[in-house]
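Fold and contact review
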Amino acid sequence: MTTAEFDPARRGVARLFCTESGEGSNVLLLHGWTCDSHDWSWQLPALEARHRVVAVDLRGHGRSEVPASGGYSPDHSVQIAARLAAKRPDLVTAVVSVDGALGFSPEAAAFFLKTAEALESGDPATIVPPFFEAAYQPSTAPAFRRWHARRVQGMAAHVIRESFAPLFF
């Protein structure tokens, strides 16, 4: 396994942390909101047994650089996969979106709006854990619940605030 950092001088954006492992066709793994590449830990052994896997920490997440403001919308994340696929089709066979934020019931939309409004001025460390709790099943392991809560405690508040609302609105 190798660890790399993308050079921000090429785009003037942010230094991103990633890990690379395995051999074969390329698989790029992108995590979700308030998460990082560790989310793929359970899938990595199966994937890297047959593929070259690159797991990235998006800007402001995990071990990647945390710029002061901007660049945290879903469009920035989507562009990573879409632009790579468009510019280097020799590297990308397919793009698969897991748990994308597209289309919700009126009840879910109201809950997301309430969370977005709370994040505007509230403390993300107290707002985000209940948000995740609403998504967990009774069988969700307590360690997994705590894992999400601890990651939020270590993230810059502006990253959490700026990246939430654009996911849903």
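Refer to the structure above for everything that follows.
The structure contained in this document is the topic of the report that follows. Going along each chain's sequence as written, the residues are numbered from 1 onward. Residues qualify for local features only when their pLDDT is at least 70, as the model is predicted, and side-chain atom pairs are given and counted only at 80 or more; totals for whole chains, interfaces and linings, by contrast, use all residues. Note: side-chain values were computed over all heavy atoms of the structure, leaving out hydrogens and water.

1. With respect to the pairing of strand β4 (residues 51-57)
Partly exposed describes any residue whose relative accessible area lies between the buried limit of under 20% and the exposed limit of over 50%, with all areas from a 1.4 Å probe on protein chains only and scaled to the type maximum. Strands are runs of DSSP state E lasting at least 2 residues, helices are runs of H or I lasting at least 4, and numbering of each runs from the N terminus. In terms of burial, β4 is largely enclosed, as five of its seven residues are buried. Sheet analysis places strand β2 (residues 17-21) next to β4, joined by five bridges and oriented antiparallel. Looking across to β4, one finds that Ser21 is bridged to Val53. Where strand β3 (residues 25-30) lies against β4, six bridges are found, and the strand directions are parallel. Counted as the bridge partner of Leu30 is Val56 from β4. Any two strands are treated as partners once DSSP identifies two or more bridges connecting them.

2. Looking at the side chain of Thr34
Its location among the elements puts Thr34 in the loop between β3 and α1 (44-48). Note on definitions: a residue-residue contact is assigned when non-hydrogen atoms from the two residues lie within 4.5 Å. Other than its neighbours up to four places away in sequence, Thr34 contacts His61, Phe132, Arg151, Val152, Met155 and Ile160.

3. Re helix α4 (residues 124-135)
Over its 12 residues, α4 runs 17 Å from end to end, which matches the ideal 16 Å to within 8%, given 1.5 Å per residue. Those residues of α4 that fall on the buried side of the exposure criterion are Pro124, Ile127, Val128, Phe131 and Phe132. Mapping the buried residues of α4 onto a view down its axis gives an arc of 125°, with all of them on the same face. Those residues of α4 that are exposed and angled more than 90 degrees off the buried face are Thr126 and Ala134. In this structure, the buried side of α4 is in contact with α3 (106-121), α5 (142-153) and α6 (157-168). An expected span of 1.5 Å times one less than the residue number is assigned to each helix. Throughout, the arc means that of the directions going from the helix axis to the C-beta atoms.

4. What about the side chain of Asp57?
Residue placement: Asp57 occurs in strand β4. Charge assignment: positive for Lys and Arg, negative for Asp and Glu; neither His nor the chain ends contribute. Counted as salt bridges are all cases of a side-chain nitrogen of Lys or Arg within 4 Å of a carboxyl oxygen of Asp or Glu. Among buried Asp, Glu, Lys and Arg side chains, Asp57 stands out as unpaired, with Arg63 the closest opposite charge at 6.0 Å. Sequence-distant contacts of Asp57, defined by excluding residues within four places in its chain, comprise Leu16, Phe17, His31, Asp36, Ser37, Gly62, Arg63 and Ser64.

5. Notes on the packing of α4 against α5
Contact geometry of α4 with α5 gives a least axis separation of 9 Å together with a crossing angle of 155°. In terms of orientation, α4 lies roughly antiparallel with respect to α5. Crossing angle aside, the handedness with which α4 passes α5 is right-handed. Contacts from Pro124, Ala125, Val128, Pro129, Phe132 and Glu133 in α4 reach Arg145, His148, Ala149, Val152 and Gln153 in α5. The nonpolar class holds Ala, Val, Leu, Ile, Met, Phe, Trp, Tyr, Cys and Pro. Asp, Glu, Lys and Arg form the charged class, and all remaining residues, Gly among them, are polar. Class assignment of the residues belonging to the contact of α4 with α5 gives a composition of seven nonpolar, two polar and two charged. Fitted lines through C-alpha atoms give the axes, limited to the stretch in contact for helices. The angle between two N-to-C directions lies from 0 to 180 degrees. Oblique is the label for any angle not under 35 degrees, not over 145, and not in the 65 to 115 range, which are roughly parallel, roughly antiparallel and roughly perpendicular in turn. Whether a crossing is left-handed or right-handed is set by the direction in which the near helix is turned from the far one by less than a right angle, anticlockwise for left-handed and clockwise for right-handed.

6. Topic: the packing of α3 against α4
A packed helix pair is summarised by two numbers, namely the angle formed by the two axes and the spacing between the axes. At a closest axis distance of 10 Å, the pairing of α3 and α4 adopts a crossing angle of 165°. The angle between α3 and α4 falls in the class roughly antiparallel. For the pair α3 and α4, the sense of crossing is left-handed. Contacts between α3 and α4 involve Phe111, Phe112, Thr115, Ala118 and Leu119 from the former and Pro124, Ile127, Val128, Phe131 and Ala134 from the latter. When the residues that make up the contact of α3 with α4 are grouped by side-chain class, the tally is nine nonpolar, one polar and no charged.

Just distances and angles here, no functional claims.
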